[in-house]
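An overview of the molecular structure
Here's the letter readout for the chains.
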Amino acid sequence: MGGRTTWAIKRFIDRYQVDMSEAENSDPASYATFNEFFGRALRPGARPIAETALVSPVDGAISQLGPIQGAEVFQAKGHSYSTTALVGGDAQEAARYQDGLFATLYLSPSDYHRVHMPCAGVLKRMIHVPGDLFSVNPTTARGVPGLLPVMNVWSAF
């Protein structure tokens, strides 16, 4: 694969202490692009599902959680967001989350960047919300007004 790509991947692995022993493909030189590496699959058994009532769909840390305040606005990453904006402008979809609960999970650069359903279920819909992509570290989150978090919504009902 490309020398510059491999160099960038190896540097990223070293800088962020990425544990490549967990990857299905642990050879940094075998990834054609950085994005292919970033979304790498894990080897079977690398993330056993805990035998608890609640598990996370991603690696990461909870940075915010709480009630969706009022009819449409809640706090995430230090900013207020309308649920309508978070679901791509669909007010009818946003109404489903009125007075619900939310959690924002921060994935650091070293975290595994795939999302899994933590329970049996069927993905019924995906919504693409267009816009610029930024790192979501605390400095960027404070300095970029209107920075939307990536949102994945699961319903238990």
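If you're wondering where the values come from, they're calculated on a predicted model, not measured in any experiment. (Residues numbered from 1 in each chain as written. Predicted model: local features only at pLDDT ≥ 70, side-chain atom pairs only at ≥ 80, totals over all residues. Heavy atoms only, no water.)

This brings us to the overall build of the protein chain. The helix and strand inventory of the protein chain stands at five helices and four strands. Listing the helices and strands of the protein chain from first to last along the sequence gives α-α-β-β-β-α-α-β-α. Taken over 157 residues, the protein chain has a buried fraction of 27%. Within the protein chain, contacts between residues separated by at least 24 positions form 62% of all contacts whose residues are at least 6 apart in sequence. Counting only carbon and sulfur atoms, one obtains 56% of the accessible surface of the protein chain, whose full area is about 10,800 Å². (Helix = DSSP H or I, 4+ residues; strand = E, 2+ residues; numbered from the N terminus. Buried < 20%, exposed > 50% of the residue type's maximum accessible area, 1.4 Å probe, protein only. Contact = heavy atoms within 4.5 Å. Areas by Shrake-Rupley, 256 points an atom, 1.4 Å probe, with all protein chains shown as cover.)

So, about the packing of aromatic side chains. A full pass over the atoms with the stated rule returns seven aromatic pairs. Taking 5.7 Å as the distance between ring centres and 75° as the angle between the ring planes, the aromatic pair formed by Tyr31 and Phe37 counts as edge-to-face. Each member of the pair Tyr31 and Phe37 is classed as buried. Centre to centre, the rings of Phe34 and Phe38 are 5.9 Å apart; their planes meet at 25°, and the pair counts as stacked. Taken as a pair, Phe34 and Phe38 lie in helix α2 (residues 34-38) at a separation of four residues, close to a single helical turn. Looking at Phe34, the relative accessible area reads 29%, which means it is partly exposed. Judged by relative accessible area, which is 24%, Phe38 ranks as partly exposed. Over the ring of Phe37 we find Arg40; its NZ or CZ atom is 4.6 Å from the centre of that ring. (Phe/Tyr/Trp six-rings, centres within 6.5 Å; stacked < 30°, edge-to-face > 60°. Lys NZ or Arg CZ within 6 Å of the ring centre and 35° of its normal.)

It is worth spelling out the pattern of salt bridges at this point. If you walk through the whole model with that rule in mind, you get three salt bridges. The salt bridge partner of Arg47 is Asp59, with a shortest N-O separation of 2.6 Å. Taken together, the positions of Arg47 in the loop between α2 and β1 (61-67) and Asp59 in the loop between α2 and β1 put the pair 12 residues apart, joining distant regions of the chain. Looking at Asp59, the relative accessible area reads 15%, which means it is buried. When the shortest N-O distance is used, the salt bridge between Glu93 and Arg96 registers 3.0 Å. Relative accessible area serves as the criterion here: at 13%, Glu93 is assigned to the buried category. Several salt bridges share partner residues, and in doing so they unite Glu22, Arg47 and Asp59 into one network. (Salt bridge = Lys/Arg side-chain N within 4 Å of Asp/Glu carboxyl O.)

By themselves, these observations are geometric and do not establish any function.
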